[in-house]
Amino acid sequence: MTHPAVETTGLAKHYGDVEAVRGIDLTVHRGEIFGFLGPNGAGKSTTISMLCTLTTPTAGEARVAGYDVVRERDSVRRSIGLVFQDPTLDGYLTAERNLRFHAELYGVPRADVGPRLRGVLEMVGLWDRRGAKVATFSGGMRRRLEIARGLLHSPRVLFLDEPTVGLDPQTRSSIWSYIRELKEAEDITVFLTTHYMDEAEHCDRIAIMDGGRIIALDTPAALKAGVGKDRVQIETDDGAAAVAALDERFGIRAVASGDVVVFHVDEGERFVPELFSRSGLPIRSVSVARPSLDDVFMSYTGRSIRDAESTGGARGPAALAAARGGRR
């Protein structure tokens, strides 16, 4: 029988009165690139922590690679790779020594270590730098090495917690090229968290998470198609006044961030002339675009991911912190 790569039922995690994850039902198919999209504090990393056996669920069940995350922790850990949001490499060791140490921890057969090490380093373009100390690597090179380390023991599911956070756009793009290549080369499931909209577009399916709950789940194309309306952004002298005027004169719900106002309408380009003629607003600029994943988030929550992050939200303790000092 073929099991899903990840399967949860009513999975929840509470820290006292704080409900970090509020009961999620989820099935991730084998071979998928599956993404958790949402603002910081939405519960993404806490969910990853439970799936990787680093923290125990308060309620519900979860299975990874067919194994229960509570009753079969060791089997889960042998079946997964994990790249933390924060770096966990030893900067004083070479790239090769970091990987060989990981191979020892995971019991990779000695005869397999050499070929496997070369294979994963070549995949991420670091074979020629295998003898260099990690302290000399750039941020992007370190992240690529961490991905190689997570693949070394041939996991069935690779978890990537914010894999490109803090990296420049060019390096982020390169990391995604490696992720797509490894999916084909390794025949594994990739489960990642991100709050970058452009990254979520690379996933086969995404779950949008907010306030500890999954509020939408589908392919990026299907989620955007569900919004339907065009996204109109205007720049004006008074964002709050523009929001009120749009509601009063057109019945449109808008969101303001400073003097930038965003709202959604059918046939946005046809609406723009009416906006100028009837709104009475001092509009400095206007743009119209087809729906984005941020628009999907806004359609479900009434705010953008950027606004959700700026307002903060309840966060549980950093469940990964204890494990980030070293591998499991």
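As recorded in an unreviewed UniProt entry, the chain goes by Daunorubicin resistance protein DrrA family ABC transporter ATP-binding protein and comes from Microbispora siamensis. Recorded under Subcellular location (unreviewed entry), the UniProt text for the chain is reproduced unchanged: "Cell membrane".

**A closer look at the sheet that holds strand S5 (residues 67-68)**
Taken in spatial order, the four strands line up as S2-S1-S4-S5 in an open sheet, and their pairing is antiparallel. Here the strands that pair on one side only, and so sit at the sheet edges, are strand S2 (18-28) and S5. Of the strand pairs in this sheet, strand S1 (residues 6-15) and S2 are connected by eight bridges, and their pairing is antiparallel. Bridging from a neighbouring strand, Glu 7 pairs with Thr 27 of S2.

**So, unusual backbone geometry**
Unlike most non-glycine residues, Thr 53 shows phi in positive territory, near 70 degrees. With respect to the helices and strands, the residue Thr 53 is situated in the loop between helix H1 (44-51) and strand S4 (59-64). Among the residues examined, Thr 53 registers a relative accessible area of 4% and is labelled buried. The phi dihedral of Glu 162 is positive, around 50 degrees, even though this residue is not glycine. Assignment of secondary structure puts Glu 162 in the loop between strand S7 (157-161) and helix H6 (169-186). Given a relative accessible area of 3%, Glu 162 falls into the buried group.

**What about the UniProt feature "domain: ABC transporter" (unreviewed entry) in the chain?**
Under the UniProt annotation, "domain: ABC transporter" (unreviewed entry) lies at residues 6-236. Within residues 6-236, the helical portion is 36% and the strand portion 29%, while the C-alpha atoms at the span's ends are 46 Å from each other.

**Here's the deal with the sheet that holds strand S11 (residues 230-236)**
One open sheet holds the four strands; their spatial order is S12-S13-S11-S14, and the pairing between them is antiparallel. Looking at which strands have only one partner, the edges of the open sheet turn out to be strand S12 (254-257) and strand S14 (283-289). The sheet shows a mean angle of 20 degrees between the axes of neighbouring strands, direction not considered. Contacts between helix H11 (residues 293-301) and the sheet are confined to S11, S12 and strand S13 (260-265), with S13 contributing the most and set at about 80 degrees to the helix.

**Side note on the packing of helix H8 (residues 220-227) against H11**
Axis separation between H8 and H11 bottoms out at 9 Å; the angle between their running directions is 55 degrees. Considering the angle they form, H8 stands oblique to H11. In terms of crossing hand, the pair formed by H8 and H11 is left-handed. Side by side, H8 and H11 meet where Pro 220, Leu 223, Lys 224 and Val 227 of the first sit next to Leu 293, Asp 295, Val 296 and Ser 299 of the second. Here the residues of the contact of H8 with H11 sort into five nonpolar, one polar and two charged.

Cut-off values and rules
- Residues numbered from 1 in each chain as written.
- Predicted model: local features only at pLDDT ≥ 70, side-chain atom pairs only at ≥ 80, totals over all residues.
- Heavy atoms only, no water.
- UniProt positions renumbered as here; feature names shortened; annotations may be inferred.
- Pairing = 2+ DSSP bridges.
- Helix = DSSP H or I, 4+ residues; strand = E, 2+ residues; numbered from the N terminus.
- Buried < 20%, exposed > 50% of the residue type's maximum accessible area, 1.4 Å probe, protein only.
- Axes fitted to C-alpha atoms, helices over the stretch in contact; angles between N-to-C directions.
- Contact = heavy atoms within 4.5 Å.
- Parallel < 35°, antiparallel > 145°, perpendicular 65-115°, else oblique.
- Left-handed = near helix turned anticlockwise from the far one by under 90°.
- Nonpolar A, V, L, I, M, F, W, Y, C, P; charged D, E, K, R; others polar.

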